[in-house]
Amino acid sequence: VMLMVEEEEWDTRIDLILAGERSSKGGASQLAYHVACVRLLGMCARGNNPSLEAQVMSLLSFTDVMDTILNMDVRKGPGRQAEALPIGTVRWIKGAFVSVLQEVYMDSSLPESKEAVLKPGNRLWKQPLEGLEGKKGVNGATEDLMTIILED
């Protein structure tokens, strides 16, 4: 399974995106395989199947999913620099992780998933003590998902 959430794989994903690997190889690309793996995990967790949801949670933590959705363009290696990535490819990859977020964490009845979604500071919701200003991340980007969705 190619999830690309570990530091080295994460930066490799950015390199593949920058190299245009998706368009140069069509459906046989490493990025296509990566997205297919993540989408398949989301589909496996669909419905009321707590054991599969727990297995997917063990492969893709809430933090991994949120990191990908919010900071996919930021390298995890030395320097942690942000890259200008093609928006179409970014949305394609993020879509797979949003599917996992919905099926495994939002629509789940598992206590672990509910805890992750409701946990303060999880970058899904603005924190009540912050008022109306969202936290700013790399390059001034908003760090909570709901603000990004509402701004888009």
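The coordinates are above.
This is a predicted model, so every value here is computed, not measured. (Residues numbered from 1 in each chain as written. Predicted model: local features only at pLDDT ≥ 70, side-chain atom pairs only at ≥ 80, totals over all residues. Heavy atoms only, no water.)

**Q** Can you break down the packing of aromatic side chains residue by residue, with the values?
**A** The geometry of an aromatic ring pair is captured by two quantities: the separation of the ring centres and the angle between the planes. All chains considered together, the criterion is met by one aromatic pair. Ring centres of Phe62 and Tyr105 lie 5.3 Å apart, and the angle between their planes is 75 degrees; this geometry places the pair in the edge-to-face category. Taken together, the positions of Phe62 in helix 5 (residues 62-71) and Tyr105 in helix 6 (residues 87-106) put the pair 43 residues apart, joining distant regions of the chain. What makes Phe62 buried here is its relative accessible area of 9%. Its end group placed over the ring of Trp10, Arg13 keeps NZ or CZ at 4.6 Å from the ring centre. One Lys or Arg, Lys76, reaches over the ring of Trp10 and ends 4.3 Å from the middle of that ring. (Phe/Tyr/Trp six-rings, centres within 6.5 Å; stacked < 30°, edge-to-face > 60°. Helix = DSSP H or I, 4+ residues; strand = E, 2+ residues; numbered from the N terminus. Buried < 20%, exposed > 50% of the residue type's maximum accessible area, 1.4 Å probe, protein only. Lys NZ or Arg CZ within 6 Å of the ring centre and 35° of its normal.)

**Q** Which residues make up the nonpolar core, and what values do they have?
**A** Looking at soluble globular proteins, one finds that nonpolar side chains tend to be buried together. Ranked by internal contacts, the top residues of the largest apolar core, which has 35 residues, are Leu60, Phe62, Val65, Phe97, Leu101 and Tyr105. Sorting the residues of this core by element identifies helix 1 (7-18), helix 3 (30-44), helix 4 (50-59), helix 5, helix 6 and helix 7 (111-118) as the ones contributing at least two each. It is helix 6 that provides the largest number of residues to this core, a total of eight residues. Not counting chain neighbours up to four residues away, the residues in contact with Val65 comprise Leu60, Phe97, Val100, Leu101 and Tyr105. (Core = buried A, V, L, I, M, F, W, Y, C linked by side-chain atoms within 4.5 Å. Contact = heavy atoms within 4.5 Å.)

So far we have only geometry, and geometry alone does not tell us how the molecule works.
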